[in-house]
Structure formats: structure tokens, C-alpha cells
Amino acid sequence: MSVLEIRNLHASVEDRAILKGVNLTLRSGEVHALMGPNGSGKSTLAYVIAGHPHYKISEGDILIDGESVLEMEPDERTKAGIFLAFQYPVAVPGVSVANFLRTAVSNVRGYTAQPVEAEGRSGLIGSNLMPMREFRRELNDKMKEFNVDPSFARRYLNDGFSGGEKKRTEVLQMAMLEPKFGILDESDSGLDIDALRVVSDGINKLATPDRGFLLITHYQRILNYVRPNYVSIFYGGRVVMTGGPEVAHMLEEKGYGWVEREFGEAVAA
Ligand SMILES: Nc1ncnc2c1ncn2[C@@H]1O[C@H](COP(=O)(O)OP(=O)(O)O)[C@@H](O)[C@H]1O
Ligand SMILES: [Mg+2]
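Since the model is a prediction, treat every value here as computed from it, not as a measurement. (Residues numbered from 1 in each chain as written. Chains lettered and ligands numbered in written order. Predicted model: local features only at pLDDT ≥ 70, side-chain atom pairs only at ≥ 80, totals over all residues.)

*Asks:* Explain the overall build of the protein chain residue by residue, including any values.
*Replies:* For the protein chain, the count of helices and strands is seven helices and twelve strands. Its C-alpha atoms give the protein chain a radius of gyration of 19 Å, within 12% of the compact-globule value 18 Å for 269 residues. In terms of principal-axis extent, the alpha carbons of the protein chain reach across some 65 × 40 × 35 Å. A total of 269 residues make up the protein chain; the buried ones form 35% of that total. Intrachain contacts of the protein chain at a sequence separation of at least 6 include 74% that bridge at least 24 residues. (Helix = DSSP H or I, 4+ residues; strand = E, 2+ residues; numbered from the N terminus. Rg over C-alpha atoms; globule rule 2.2 N^0.38 Å. Buried ≥ 20, exposed ≤ 12 C-beta atoms within 10 Å, placed from the backbone. Contact = placed C-beta atoms within 7 Å.)

*Asks:* Which residues make up the sheet that holds strand β1 (residues 3-13), and what are the values?
*Replies:* The strand order across the open sheet formed by four strands is β2-β1-β4-β5, and the pairing between neighbours is antiparallel. Looking at which strands have only one partner, the edges of the open sheet turn out to be β2 (16-27) and β5 (67-68). Relative to β2, β1 runs antiparallel, the two sharing nine bridges. Residue L9 lies in a different strand from β2, and its bridge partner there is V22. Where helix α1 (residues 42-50) meets the sheet, its contacts fall on β1, β2 and β4 (56-64), and the angle it forms with β2 comes to roughly 70°. (Pairing = 2+ DSSP bridges. Axes fitted to C-alpha atoms, helices over the stretch in contact; angles between N-to-C directions.)

*Asks:* Kindly report on the nonpolar core, identifying the contributing residues and their values.
*Replies:* Formed by 62 residues in total, the largest nonpolar core has its most connected members in A33, M35, I49, I183, L214 and L215. In this structure, this core is formed jointly by two domains, domain 1 (3-91 + 180-268) and domain 2 (92-157), each of which donates at least three residues. In this structure I183 touches A46, I49, I82, F83, L84 and L214, once residues within four positions along its chain are discounted. (Core = buried A, V, L, I, M, F, W, Y, C linked by C-beta atoms within 7 Å. Domains from an automatic or database assignment.)

*Asks:* So what about the site of ligand 1? Which residues, and what values?
*Replies:* Lining the immediate environment of ligand 1, one finds 14 residues, of which G39, S40, K42, S43 and T44 sit closest. When residues of the shell around ligand 1 are traced back to their parent elements, those giving at least two are β2 and α1. Here the element with the most residues in the shell around ligand 1 is α1; it accounts for three residues. Of the residues in the shell around ligand 1, the class split is two nonpolar, nine polar and three charged. (Near = placed C-beta within 6 Å. Nonpolar A, V, L, I, M, F, W, Y, C, P; charged D, E, K, R; others polar.)

*Asks:* Can you lay out the sheet that holds strand β12 (residues 238-243) for me, pointing to particular residues and giving the numbers?
*Replies:* Across the sheet, six strands lie side by side as β6-β9-β10-β3-β11-β12; this open sheet has mixed pairing. Edge positions in the open sheet fall to β6 (82-85) and β12, since each of these has one partner strand only. Mean inter-strand twist for the sheet, computed between neighbouring axes without regard to direction, equals 20°. Here strand β3 (residues 31-35) runs beside strand β11 (residues 230-235); their pairing, made up of four bridges, is parallel. Residue pairing across strands places M35 opposite I233, the latter belonging to β11.

*Asks:* Kindly report on the domain arrangement of the protein chain, identifying the contributing residues and their values.
*Replies:* Split by domain assignment, the protein chain resolves into domain 1 (3-91 + 180-268) and domain 2 (92-157). Distance from the C-alpha centre of domain 1 to the C-alpha centre of domain 2: 29 Å. Tallying the contact residues gives seven residues for domain 1 and six residues for domain 2. If you list the elements that add at least two residues to the side of domain 1 that touches domain 2, you get α2 (74-79) and α6 (193-206).

*Asks:* Describe the packing of helix α3 (residues 97-108) against helix α5 (residues 163-177), listing the residues and the values that go with them.
*Replies:* It is the contact of α3 with α5, at a shortest axis distance of 10 Å, that shows an interaxial angle of 30°. The way α3 lies across α5 gives a crossing that is right-handed. Of α5, the residues touching α3 (which contributes V97, L101, A104, V105 and V108) are T169, Q173, M176 and L177. Classifying every residue of the contact of α3 with α5 by side-chain character gives seven nonpolar, two polar and no charged. (Left-handed = near helix turned anticlockwise from the far one by under 90°.)

*Asks:* So, the pairing of β4: which residues are in play, and what are the values?
*Replies:* Note that β1 and β4 share seven bridges and pair antiparallel. In the strand pairing of β4, E5 is matched with L63. Taken together, the two bridges between β4 and β5 define a ladder with antiparallel strand orientation. Across the sheet, residue I64 finds its bridge partner in β5, namely E67. The antiparallel pairing of β4 with β5 creates a hairpin that spans two residues between the two strands, and D65 there sits at a positive phi of about 50°.

*Asks:* Please give an account of unusual backbone geometry that cites residues and values.
*Replies:* The phi dihedral of D15 falls on the positive side, at around 65°, and the residue is not glycine. Within the secondary structure, D15 is located in the loop between β1 and β2. Look at D15 and you get exposed, because 6 C-beta atoms sit within 10 Å. Positive phi, close to 45°, is recorded for E178, a residue that is not glycine. Position of E178 relative to the elements: it lies in the loop between α5 and β9 (181-185). Accessibility expressed as a C-beta count within 10 Å gives 17 for E178, which makes it partly exposed.

Now the structure itself:
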């Protein structure tokens, strides 16, 4: 059982305050949807949690099981169990999905930190990676489990991938890295129905009692496929309201104009 806690978080980019006191708790076993209008700072929150160097934190904290991650580099945060998926993942021509995953998994599981000299394997390419045979077996199993075509492994990462294929890669990545917390920024998403099914099936499979999900979204559409335990409304750089799935339905009915009227003054104050 793990807890990701965001406490009174204030952050700015280029001297402009974006996050203005975010409070949010995500426990393993929970799916928490974070919904808000464009420009409210949802993606900024995701970047700040991941440790993007562009953002300055002036106040507050981000803790995993009571331990602050603020001093951690992005890769250390990944090791600590945070996984972030962005809506527009970059293409990396020349790097296959399999190679990318082997490197990422090796890093998260501590293979790359082992001194290779100790085993007399120094200088061998891949000598500080997860052993190929072991990796292959696990990758094949997970590809089967998550309905990913085996040909995917050889393709260059996100290069010419359709929206659905990118999402498939993302789900596979989560399945391999086994994070404690999955943070998915799907906001303003132009996901087609295929991509939407892929992500939601993936989340539903991966939403085990030992893992929490923060689902960042502008639209409530994905919540027809993934049922959240909590829905929070994000507005003006903070969480202004938290409730159950009914909050998403209310938003769909009343729209974000209602949020602005209801919380606009409180945020400006
Ligand atoms: N790198 C940046 N430089 C300047 N302003 C930024 C930067 N990133 C985000 N912002 C501003 O921060 C605000 C919040 O953006 P964002 O976090 O992307 O919101 P959301 O994901 O909710 O649409 C916006 O007004 C945006 O213009
Ligand atoms: Mg965004």
C-alpha cells in the first residue's frame, strides 16, 4: 500500500505562477480522475510530479509514503514508482520498442546501477542491462496479455505510430515497468475510439490493488470506460472540488462555465 501526496503545491514557469496550492492524495488501488478546463494547469501538475526541470516549486511538497521526491531527478522518481504518460509521446527513429523497454526496465529494476566489472563483463554492450533472454520472455508474455502484436517489438519507438498504437506502447510500458502510480495526461485528447479502448482496457487490467492511477482529462468520455473512485475538478491551478463519479456527470451536464462561475472568485482572491 502506497500513497502519493501532493501538499499545498505552488509552482511557476518563467516567473508565472501556475500551480497555486494543489492538494491531492492518491492511494494504491484507486483511480482518481482530474478534470479541468484548458489552461488550468493540469499538464503542469503532471510535469512537476515527473520532475521537469523547467518548473520552479516555491511552496509545498510531493511525497511518496511520506518521503519527499522534490530533490529527486526524473529517473529517480521513475525508480520510486512514478510513471507518466503524455498525450504526445516523441518518436525515436532508430530505437526499437524492445530496446527502449529493455533499457527502461533495466534502469527501474536497478540493473544499470550494478558495477559490471564485478562480473568480468565490463565493456560488453548491454552488460549492465537485464539479461536478454529473461527480458524477451517477459516482454512476450506481457505482449500476449495486453494484445500487442509481436511485430511491435522491432518497430522504432512511436515512429509513424497511429494514436491507438502509441497508446498500446504506453500500456505495454506500464505493464513492464510496474509503477506504483500511473499518471496519464490525456487532456484535450483527440483519441479515437480505438485508442480510447486501448488505454481504458489497459488501465482496467493494470488497476490492481497495489497501483494507483491519476487520470488527467478534459472530457469525461474516458470515464465511460474506466470507472474512477474519485473525481476532482482542477481550476485556476488548484483542486477546487473532489467527489465520486457523479462529479464527472455533473461537469458534463453543466460544463466548465459552471466551474468558472462557482470557483472563479475564490481562485482570484
Ligand atoms: N513552458 C511554459 N511557458 C509559459 N507558460 C506556460 C508553459 N507551460 C504552461 N504554461 C501556461 O500555464 C498554464 C497552464 O497550462 P497547462 O498546464 O498546459 O494547462 P492544461 O493542461 O490544464 O490545459 C497556461 O496558461 C499555459 O499557457
Ligand atoms: Mg494539458
